[in-house]
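Summary of the model geometry
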Amino acid sequence: MDNILQSVSTYLKQEKELLTDELLVQAVDELNLYLPNEHFVKHKELLFILLSRVSESLLFNKLETEEQNLEYDIQNYFYNSGTYLNDTIEIICTFRLSLMKEIGKKGFLEKSNSGEIARLYEKITFIFDEAIRDTTQNFNIQNQKSIEAIEKEIMTLSAPVVPIKEKIAVLPLIGDFNESRASYISTEVIPRIVQLNIELLVIDFSGMHVFDTFVAHHFFQIRDTLRLLGIESVVTGVRPSLAQTAVHLGINLNNIKSYNNVKQFLETLENRKEEKTR
């Protein structure tokens, strides 16, 4: 074990509280950042923990260091508060640089040869880099979860099941239709339709931007799945431009019950009921 690693490790353990205070203030001033007091206190807490791990890891080998949890924002405090990842990383990097300068000022380097100094800097750089990597990875994971939650909410809003009469519901399709939307309808919407005991589903295309072979293919899949489940389906809202596109692409819609809009469908339904009662 290099004497310099042991000496610096002991120094960091003894002075970590004072170092955390001083070097964090230096980092914030150098970066010209405005930190609300609660953010400053949280950075101080996390940097204190990180500095404790640095003092321990200086005495570890590389594998032992990698096995440590060096993630900075462990409880996602800064992520949840909307802090930019770049601001957090900047503070960690600037703190690391100030720490190395402080070690130099204390005379540890004067007592060591170039090889020992290189190993010290390599270890400190590696430990902080691991913290940055772990923090960035966790930030990206949390970000992806947020994106997926938003996408799911958008899916729900773009394909809601709206009951309009007993055992009758409307499925308005809104926006662009893609593989994710098709999968969502198959895995989430159709089970919901069955759960609601729907016997007739009105699929409304008035909010759709495009009707092409991709849309037609998945529409027929949805229709056939509903048919197997004993649910009848009709179509409304196929605008002239969508109909012309379908004809141009050779999509056969002749065997599909279609209405101009939901209102026309309901009127037709009422007329049929009245005819049956006569």
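Look up: the structure comes first, before these words.
Here goes a summary of the coordinates provided. Quantities reported herein were computed from a predicted structural model and do not represent experimental measurements.

We now examine the pattern of salt bridges. Scanning the model with the defined rule gives eight salt bridges in all. Residues Glu45 and Lys42 are paired through a salt bridge, measuring 3.4 Å at the closest nitrogen-oxygen approach. Here Glu45 pairs with Lys42, and both are found in helix 2 (residues 37-57), just three residues apart, close to one helical turn. Here Arg133 and Glu130 are joined by a salt bridge, their closest N and O atoms 2.4 Å apart.

This brings us to the sheet that holds strand 5 (residues 258-259). The strand order across the open sheet formed by five strands is 1-2-3-4-5, and the pairing between neighbours is mixed. Of all strands in the sheet, those with a lone pairing partner are strand 1 (162-165) and strand 5, marking the two edges. Where strand 1 and strand 2 (residues 168-175) come together, three bridges link them in antiparallel fashion. Its bridge partner being in strand 2, Val162 is matched across the sheet by Val170. Across the sheet, helix 8 (residues 213-228) is in contact with strand 3 (200-208) and strand 4 (232-236); its angle to strand 3 comes to roughly 165°.

The next thing to look at is the environment of Arg223. By the secondary structure assignment, Arg223 is in helix 8. By relative accessible area, Arg223 is classed as buried at 11%. For Arg223 and Val234, which are 11 residues apart along the polypeptide, the C-alpha to C-alpha distance reads 8.8 Å. If near-sequence neighbours (up to four positions away) are discounted, Arg223 is found in contact with Ser233, Asn255 and Ile256.

Rules and cut-offs
Residues numbered from 1 in each chain as written. Predicted model: local features only at pLDDT ≥ 70, side-chain atom pairs only at ≥ 80, totals over all residues. Heavy atoms only, no water. Salt bridge = Lys/Arg side-chain N within 4 Å of Asp/Glu carboxyl O. Helix = DSSP H or I, 4+ residues; strand = E, 2+ residues; numbered from the N terminus. Pairing = 2+ DSSP bridges. Contact = heavy atoms within 4.5 Å. Axes fitted to C-alpha atoms, helices over the stretch in contact; angles between N-to-C directions. Buried < 20%, exposed > 50% of the residue type's maximum accessible area, 1.4 Å probe, protein only.

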